[in-house]
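Descriptive analysis of the structure
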Amino acid sequence: MNIFVTLFIKLTENAMGITNKSTVKVGAAGVSVIGIIVLFLVMFAVERIDSGQTGIIVNLAGSERGVDDAKVETGWVVYNRFAKQLFEYPAFAQIVDYEPFDIQDKKGTIFKTDPTIEYYIERDNAKVVFLRYRKTTEELEQSVILTEVKNAYKDVAGLYETDSLINNRPAFEKEVEELLKERLSKRGFTFTNIQSSVKPNETLQAAIDAKNTAVQNALKVENEKKAAIAEAEKVVAAAKGKADANRILQQSITPELIQLKAVEKWDGKLPLSTSGNTLPFLKLQ
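The structure presented is a predicted model; accordingly, all values stated were derived computationally and were not measured.

1. A word on the packing of aromatic side chains
- Evaluated as defined, the whole model comprises five aromatic pairs.
- Between Y119 and F189, the ring centres sit 6.0 Å apart and the planes meet at 80°, which makes this aromatic pair edge-to-face. On the criterion of sequence distance, the pair formed by Y119 in strand β9 (residues 116-120) and F189 in the loop between α7 (169-186) and β10 (190-195) is long-range, its members being 70 residues apart.
- Counting every residue linked through ring pairs, the aromatic cluster contains F101, Y153, Y160 and F172.

Following this line, the structure appears as structure tokens:
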């Protein structure tokens, strides 16, 4: 723009300094052309709307300004910057990572969640979204969409008991996703995905950790008790087995058995001397 203005001034100065009549006419015509170009560049904007964007041209003046004159545009567009305004909405997926916020379950227990959502605005809905909100994508993400996200989490959380929410987080987040998809579609947004973590507040988390620790300690004591009982039963069983074996052995010992065992160990040799009138292992009558 500054280049054209400078060129216009120089051409004007040159035209004023020329005395030749025909040259003056040519210079005046050149100045007029330059002036028209400058005026065009000042009044009109030439922009290219990328294939991944949907352009909305809005009339800012006249009887048709605003709603009735909003048009969807793609490709190259030329518009009067003083009479119209161009808004662009992305036609591809947008990912928004929200700051954590609090939600409450049915009992009023506070949980914290930090959702990341994915959405986009279809071309057919771009005009509807603009006419309804008159906001940029960034403004929509921090106002309309954020409100719907928070409300969806809070409404679904209010249906859950504390323990149920803790133990069924995937099911809870699935319900939130379905509700959010339904509500955003009514406002012109196509919601595709949500990812988040739902965590108890610090007080509840400390209580959960303490409970888990107590349960683990109780299991440890129970396991040690079972191990001690098993070891004691093992010792008792061994002692009982030994006692039973000794009893059976004692009941089975008879004079005949003793004599038989002695015979089995005898090498067949008679002693050189004996006391009494009997031979070894023989009972003489």
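From this point on, the discussion continues.
2. Here we look at the pattern of salt bridges
- Across all of its chains, the model carries seven salt bridges by this definition.
- Where K106 meets E161, a salt bridge forms, and the shortest distance between an N and an O atom there is 3.8 Å. Of this pair, K106 sits in the loop between β7 (101-104) and β8 (110-113) while E161 sits in the loop between α5 (144-157) and α6 (162-167); the two residues are 55 residues apart in sequence, bridging distant segments of the chain.
- Judged by relative accessible area, E161 falls into the partly exposed class, the value being 32%.
- Within the structure, one salt-bridge network assembled from shared partners comprises K106, K107 and E161.

3. Digging into a nonpolar patch on the surface
- A surface patch of nonpolar side chains, about 350 Å² in accessible area, is lined by V46, W76 and V78.
- Residue placement: V78 occurs in strand β4 (residues 75-80).
- Residue V78 is classed as exposed on the basis of its relative accessible area of 53%.

What counts and how
- Residues numbered from 1 in each chain as written.
- Predicted model: local features only at pLDDT ≥ 70, side-chain atom pairs only at ≥ 80, totals over all residues.
- Heavy atoms only, no water.
- Phe/Tyr/Trp six-rings, centres within 6.5 Å; stacked < 30°, edge-to-face > 60°.
- Helix = DSSP H or I, 4+ residues; strand = E, 2+ residues; numbered from the N terminus.
- Salt bridge = Lys/Arg side-chain N within 4 Å of Asp/Glu carboxyl O.
- Buried < 20%, exposed > 50% of the residue type's maximum accessible area, 1.4 Å probe, protein only.
- Patch = residues over 30% accessible without salt bridge, like charges linked within 9 Å, V, L, I, M, F, W, Y side chains within 5 Å.
- Areas by Shrake-Rupley, 256 points an atom, 1.4 Å probe, with all protein chains shown as cover.

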